[in-house]
Amino acid sequence: MNAPLRIHRVRAGLGGRQVLAGVDLEARGGEVLALVGPNGSGKTTALRCCYRALSPSAGTITLTGSDIASLPRRAVARRLAASTQEPPASAGLTVRESVQLGRAAHLGWLQSPGEVDRRVVDRVLAQVGLAGLAGRDVRELSGGERQRVSIARALAQEPAVLLLDEPTNHLDLRHQITVMELLVSLAADGIAVVVTLHDLRLAVEYCDRIAVMSEGAIVGTGAPAEVLTGSLLSGVFGIMGEVGPDPRTGRPALAVHGLATGTVDA
Ligand SMILES: Nc1ncnc2c1ncn2[C@@H]1O[C@H](COP(=O)(O)OP(=O)(O)OP(=O)(O)O)[C@@H](O)[C@H]1O
């Protein structure tokens, strides 16, 4: 199985607390994998381990067959890109310049971006609908526009594995759909896409597989209808609902009927 990213028994702690309790997950080329789970379940922490913002205390993460802990930073950046929730560090940069930073992994030491790099930046700006804002200072953008800059920068790396932490967070509905359709088309080109999402409806509609996190561990992985059963939705998310085919599109859709009883947060 083509799985460019494999997470094996990864544990990690923050502030003296264990946050990841042994995560096992693989992301396959050609699929969009949603990582979902309640607030605080460890989704962001798991992604941070994959892009080496955090070192696991145990377990291994392999990227196209190599242990990421032993790969040089540039080698990781050529294969894996992450769009995070942290605002892009772009003081004084235009949208184009900020996105162009994603090309750094492909450039030699002190090498300036060339024609190929410019074409890639043009393409990804168009893909996220930012071509018209290319000359704007990033600090003058809205939250949703900045989010799309972060996605475009990750795309500019042309990675084999693309990680996105809540990429639809600040986006209006039209841009949420644009981003999800973009992820589907990137996967169709063979990329492994891993996306954390709070909106389970988007996960069900657009993702090939869903991995559910709860209390620092993966408690279910599979096709949306397989994994998001009524008992998992109530036990993990505290909601009543079910996944079934949308009568108009034929694609899976999540219907939510309300809160499950006896699962009110303390
Ligand atoms: N810097 C930190 N120090 C201590 N604990 C932290 C730190 N960052 C996160 N945590 C804790 O780690 C746990 C997992 O956090 P994480 O951000 O990975 O969860 P998440 O599933 O992404 O949550 P959300 O859905 O709210 O974004 C939470 O209990 C959180 O409070």
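The rules behind these values
- Residues numbered from 1 in each chain as written.
- Predicted model: local features only at pLDDT ≥ 70, side-chain atom pairs only at ≥ 80, totals over all residues.
- Heavy atoms only, no water.
- Helix = DSSP H or I, 4+ residues; strand = E, 2+ residues; numbered from the N terminus.
- Rg over C-alpha atoms; globule rule 2.2 N^0.38 Å.
- Buried < 20%, exposed > 50% of the residue type's maximum accessible area, 1.4 Å probe, protein only.
- Contact = heavy atoms within 4.5 Å.
- Areas by Shrake-Rupley, 256 points an atom, 1.4 Å probe, with all protein chains shown as cover.
- Lys, Arg positive; Asp, Glu negative; His and termini not counted.
- Charge placed at Lys NZ, Arg CZ, Asp CG, Glu CD.
- Expected span 1.5 Å × (residues − 1).
- Arc of directions from axis to C-beta.
- Polar contact = N/O pair within 3.5 Å; in protein donor to acceptor, adjacent residues only side chain to side chain.
- Domains from an automatic or database assignment.
- Buried area = accessible area lost by both parts, 1.4 Å probe.
- Salt bridge = Lys/Arg side-chain N within 4 Å of Asp/Glu carboxyl O.
- Nonpolar A, V, L, I, M, F, W, Y, C, P; charged D, E, K, R; others polar.
- Core = buried A, V, L, I, M, F, W, Y, C linked by side-chain atoms within 4.5 Å.
- Near = heavy atom within 4 Å.
- Axes fitted to C-alpha atoms, helices over the stretch in contact; angles between N-to-C directions.
- Parallel < 35°, antiparallel > 145°, perpendicular 65-115°, else oblique.
- Left-handed = near helix turned anticlockwise from the far one by under 90°.
- Pairing = 2+ DSSP bridges.

A. Broad picture of the overall build of the chain. Helix and strand counts for the chain come out as nine helices and twelve strands. For the chain, the C-alpha radius of gyration of 19 Å lies close to 18 Å, the compact-globule estimate for 266 residues. Taking the principal axes of the C-alpha coordinates as reference, the chain spans close to 60 × 45 × 35 Å. Taken over 266 residues, the chain has a buried fraction of 47%. Put simply, 62% of the contacts in the chain that link residues at least 6 apart link residues at least 24 apart. About 12,700 Å² of surface is accessible on the chain, with carbon and sulfur atoms providing 51% of the total. Positive and negative charge centroids in the chain, built from 27 and 26 side chains respectively, lie 6 Å apart.

B. Helix 6 (residues 173-188), seen in detail. With 16 residues, helix 6 should cover 22 Å at 1.5 Å per step; its first-to-last C-alpha distance of 23 Å lies within 8% of that length. Regarding helix 6, the residues found buried are His 175, Gln 176, Val 179, Met 180, Leu 182, Leu 183, Leu 186 and Ala 187. Taken down its axis, helix 6 places every buried residue within 155° of arc, on the same side. Of the residues in helix 6, the exposed ones pointing more than 90 degrees away from the buried face are Leu 173, Arg 174 and Ala 188. Looking at the packing, one finds that the buried side of helix 6 touches strand 3 (32-36), helix 4 (115-127), helix 5 (143-156), strand 7 (161-165), strand 8 (192-196) and helix 7 (200-206). The N-cap residue of helix 6 is Asp 172: its side-chain oxygen and the backbone nitrogen of Arg 174 are 3.2 Å apart. Phi turns positive one or two residues past the end of helix 6, at Gly 190, with a value near 110°.

C. Representation of the domain arrangement of the chain. Split by domain assignment, the chain resolves into domain 1 (1-79 + 159-225) and domain 2 (90-157). Taking only C-alpha atoms, the centre of domain 1 and the centre of domain 2 are 23 Å apart. Counting the surface lost from both domain 1 and domain 2, the interface buries some 1,300 Å², and carbon and sulfur atoms represent 63% of this. At the junction of domain 1 with domain 2, the criterion picks out zero salt bridges. Between the two partners, domain 1 and domain 2, sit eight residue pairs in polar contact (both at pLDDT 80 or more). The element best represented in the side of domain 1 that touches domain 2 is helix 6, accounting for five residues. Looking at the side of domain 1 that touches domain 2 residue by residue, the classes come out as nine nonpolar, five polar and four charged.

D. The nonpolar core, seen in detail. Among the nonpolar cores identified, the biggest contains 50 residues, and Val 99, Leu 162, Leu 183, Ile 210 and Leu 228 are the most heavily contacted of them. Per-domain counts for this core show at least three residues from each of domain 1 (1-79 + 159-225) and domain 2 (90-157). Core analysis: the second largest hydrophobic core is formed by 31 residues, Leu 5, Leu 63, Leu 80 and Met 213 among them.

E. Representation of the site of the ligand. Near the ligand, the surroundings consist of 13 residues, among which Gly 40, Lys 43, Thr 44, Thr 45 and His 198 are the closest. Within the backbone of Gly 40, one N or O atom sits 2.8 Å away from an oxygen atom of the ligand. A distance of 2.7 Å separates an oxygen atom of the ligand from a polar atom in the side chain of His 198. In isolation the ligand offers 640 Å² of accessible surface; the protein chains occlude 63% of this area. Counting only elements with at least two residues in the shell around the ligand, the list comes to strand 2 (17-27) and helix 1 (43-50). Sort the elements by how many residues they give to the shell around the ligand and helix 1 lands first, with three residues.

F. The arrangement of the packing of helix 4 against helix 5 in detail. Interaxial distance between helix 4 and helix 5 falls to 9 Å at its minimum, and their mutual angle equals 140°. Classified by the angle between their axes, helix 4 and helix 5 sit oblique to one another. Note that helix 4 runs across helix 5; the crossing there is right-handed. Residue-level contacts link Val 120, Val 124 and Gln 127 of helix 4 to Ala 152, Leu 155 and Ala 156 of helix 5.

G. Spotlight on the sheet that holds strand 9 (residues 209-214). Strand order in the open sheet formed by six strands is 6-7-8-3-9-10, with mixed pairing between adjacent strands. Each having just a single partner strand, strand 6 (80-83) and strand 10 (217-222) make up the two edges of the open sheet. Neighbour-to-neighbour, the strand axes of this sheet turn through a mean angle of 15°, independent of strand direction. Note: strand 9 against strand 10, five bridges, orientation antiparallel. Along strand 10, the bridge assignment pairs Met 213 with Ile 218.

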